[in-house]
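Each chain is listed here by its residues.
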Amino acid sequence: QVQLVESGGGLVQPGGSLRLSCAASGRMLVINGMGWYRQAPGKERELVASCTSGGRTNYADSVRGRFIISRDNAKNTVFLQMNSRKPEDTDDYYCNVNSSRGNTWGQGTQVTVSS
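Residues numbered from 1 in each chain as written. Predicted model: local features only at pLDDT ≥ 70, side-chain atom pairs only at ≥ 80, totals over all residues. Heavy atoms only, no water.

Caption draft 1: Main features of the nonpolar core. Counting residues in each nonpolar core, the largest one holds 25 residues, and the members touching the most others are W36, V48, I69, L80, M82 and Y93. Only β3 (18–25), β4 (31–39), β5 (46–51), β7 (67–72), β8 (77–82) and β9 (91–99) provide two or more residues apiece to this core. If you tally residues by element for this core, the top one is β3, at 4 residues. Non-local contacts of V48, meaning those with residues more than four positions away in its chain, are made with W36, Y37, R38, N58, Y59, A60, V63, F67, L80 and Y93. (Core = buried A, V, L, I, M, F, W, Y, C linked by side-chain atoms within 4.5 Å. Buried < 20%, exposed > 50% of the residue type's maximum accessible area, 1.4 Å probe, protein only. Helix = DSSP H or I, 4+ residues; strand = E, 2+ residues; numbered from the N terminus. Contact = heavy atoms within 4.5 Å.)

Next comes the structure, spelled out in structure tokens:
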């Protein structure tokens, strides 16, 4: 069983920054890809950014140049540094981990961009 613990969500003003963290734990866990998705009410969950075990990253066009995904493989943790936040970045953000135990989702953390 894989457990994900997300943290870092909250309220931020437009133009501000916020950092999300997601720590994975589990016995005999080998992690491949890690990423962040977001979902607005009534909409499908969409990829924000992902990072392979080798460090290859992928970003949604809407966040490229503003968000940075990174990993601490020793701690099985993925981070999402969100800069230059816009009101349209307001969503629930979900961590996703692809591992030897399959695909696992975090519980989600709410991020609100508002003045």
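We are not done yet, so read on.
Caption draft 2: A look at the packing of aromatic side chains. What the rule picks out here adds up to 1 aromatic pair. A centroid spacing of 4.9 Å and a plane angle of 70° characterise the contact between Y37 and W105, whose relative ring orientation is edge-to-face. Here Y37 is found in strand β4, whereas its partner W105 is found in strand β10 (residues 102–105), with 68 residues between them in sequence. A relative accessible area of 23% means that Y37 is categorised as partly exposed. For W105, a relative accessible area of 36% translates into the label partly exposed. One Lys or Arg, R45, reaches over the ring of Y94 and ends 3.7 Å from the middle of that ring. (Phe/Tyr/Trp six-rings, centres within 6.5 Å; stacked < 30°, edge-to-face > 60°. Lys NZ or Arg CZ within 6 Å of the ring centre and 35° of its normal.)

Caption draft 3: Examining the pairing of β10 more closely. The sheet contact formed by β9 and β10 spans 4 bridges and is antiparallel. Residue pairing in the sheet places S99 in a bridge with G102 of β10. (Pairing = 2+ DSSP bridges.)

Caption draft 4: Local environment of the environment of L47. Take L47: it is sitting in strand β5. C-alpha of L47 to C-alpha of N83: the two residues are 36 residues apart in sequence and 17 Å apart in space. With sequence-adjacent residues up to four places away left out, L47 is seen in contact with W36, Y37, N58 and A60.

Caption draft 5: Geometry of the state of the cysteines. Scanning the model with the defined rule gives 1 disulfide in all. Between the sulfur of C22 and that of C95 lies a disulfide, 2.1 Å long from S to S. An S-S torsion of about -80° defines the bridge between C22 and C95 as left-handed. Taken together, the residues span a long stretch of sequence, with C22 in strand β3 and C95 in strand β9 at a distance of 73 residues. The burial state of C22 is the same as that of C95; both residues are buried. In this structure C51 is a free cysteine whose sulfur lies 12 Å from that of C95, the closest cysteine sulfur available. (Disulfide = S-S within 2.5 Å.)

Remember that the coordinates give geometry; whether it matters functionally is a separate question.
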